[in-house]
Amino acid sequence: MSTIAENIAKVGARIREAAQASQRNFADIGLLAVSKTKPADAIREAHAAGLRDFGENYLQEALEKQAALSDLPLIWHFIGPIQSNKTRPIAEHFDWVHSVDRLKIAQRLSDQRPAHLAPLNICLQVNVSGEDSKSGCSPEELPELARAVSTMPNLKLRGLMAIPEPTDDIAAQHAAFARLRQLRDDLGLQLDTLSMGMSHDLEAAIAEGATWVRIGTALFGARDYGQPSH
């Protein structure tokens, strides 16, 4: 058994235990493998061990890996900040985008989504911790943005995403994730997705309703930031 396969099994066990502890269905919680800075071979290894959903932050790096792995039936999620000049290739090459935080980006993704592809699954990123350094719309901006995105023809608004301020305080972890869940529910749009929780806090996220946990380090090991970011 390879190291990545072993890690996937360990993370799967954590997800299953967290689901049982919060009386949730394990099948309702997706494992999104965050593969940024990792080589295509690592993704191929993870796919062989049962994963099919992969999250990328850097567009050029992601496109190169998609080309190298085009023989595999993978589902690609864009999870990084989005610049306006990057929306067309994202609209053309991804199945999900978790990091939409303003109307202009959503409109461009809808306009540039190829007609032969299914609508692009969208999560709106919310800055639940109020950190100046974090992407995401404010909770106050969210309702107007969600209503607008829900009407765009080539997008399917699925839910919300957040990257709360990192903390070892379990109560604070729960509070941030519970806030995102409440914001989603208050929209009244019948959204089914909460993209929240990472390697260090997935248990709290699952307890508060996560449907995607975004896991990188616990699957692939520490990231290599030696290469230039895209």
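Just so it is clear, the model here is predicted, and its values are computed rather than measured.

Time to look at the environment of K156. Its location among the elements puts K156 in strand β6 (residues 155-161). With 35 residues separating them along the chain, K156 and N121 place their C-alpha atoms 4.9 Å apart.

This brings us to the packing of aromatic side chains. One pass over the full model with this rule turns up three aromatic pairs. Measuring from ring centre to ring centre gives 6.3 Å for F54 and W76, while their planes differ by 45°; the resulting arrangement is tilted. A residue pair is termed long-range when its members are at least 10 positions apart, and F54 in strand β2 (residues 53-56) and W76 in strand β3 (residues 75-78) qualify at 22 residues. In this pair, the class of F54 matches that of W76, namely buried. Note on W96 and W212: the rings are 5.7 Å apart at their centroids and 85° apart in plane angle, and the pair reads as edge-to-face. You can see W96 sitting in strand β4 (residues 96-100) and its partner W212 sitting in strand β8 (residues 212-215), a full 116 residues away along the chain.

The next thing to look at is the UniProt feature "modified residue: N6-(pyridoxal phosphate)lysine" (unreviewed entry) in the chain. The feature "modified residue: N6-(pyridoxal phosphate)lysine" (unreviewed entry), as given by UniProt, occupies K36 in the numbering adopted here. Here K36 lies in the loop between β1 (30-34) and α2 (40-48). In this structure K36 comes out as buried when scored by relative accessible area, which is 12%.

A large share of β4 lies buried, amounting to five of its five residues. Pairing of β3 with β4, which is carried by two bridges, proceeds in the parallel orientation. Bridging across to β4, H77 finds its partner in W96. Here three bridges tie β4 to strand β5 (residues 120-125), and the two strands are oriented parallel to one another. In the sheet register, V100 faces β5, and the bridge partner there is L124. Between the parallel elements β4 and β5, the chain passes through helix α5 (residues 103-112) in a crossover that is right-handed.

The next thing to look at is the packing of helix α1 (residues 3-21) against α2. Direction vectors running N to C along α1 and α2 enclose 55°, while the axes themselves pass 9 Å from each other. In terms of axis orientation, α1 runs oblique to α2. Relative to α2, the crossing made by α1 is right-handed. Residues T3, I4 and I8 of α1 pack against A42, E45 and A46 of α2. Tallied by class, residues from the contact of α1 with α2 come to four nonpolar, one polar and one charged.

The rules we used
- Residues numbered from 1 in each chain as written.
- Predicted model: local features only at pLDDT ≥ 70, side-chain atom pairs only at ≥ 80, totals over all residues.
- Heavy atoms only, no water.
- Helix = DSSP H or I, 4+ residues; strand = E, 2+ residues; numbered from the N terminus.
- Phe/Tyr/Trp six-rings, centres within 6.5 Å; stacked < 30°, edge-to-face > 60°.
- Buried < 20%, exposed > 50% of the residue type's maximum accessible area, 1.4 Å probe, protein only.
- UniProt positions renumbered as here; feature names shortened; annotations may be inferred.
- Pairing = 2+ DSSP bridges.
- Right-handed = clockwise from strand over helix to strand, strands pointing away.
- Axes fitted to C-alpha atoms, helices over the stretch in contact; angles between N-to-C directions.
- Parallel < 35°, antiparallel > 145°, perpendicular 65-115°, else oblique.
- Left-handed = near helix turned anticlockwise from the far one by under 90°.
- Contact = heavy atoms within 4.5 Å.
- Nonpolar A, V, L, I, M, F, W, Y, C, P; charged D, E, K, R; others polar.

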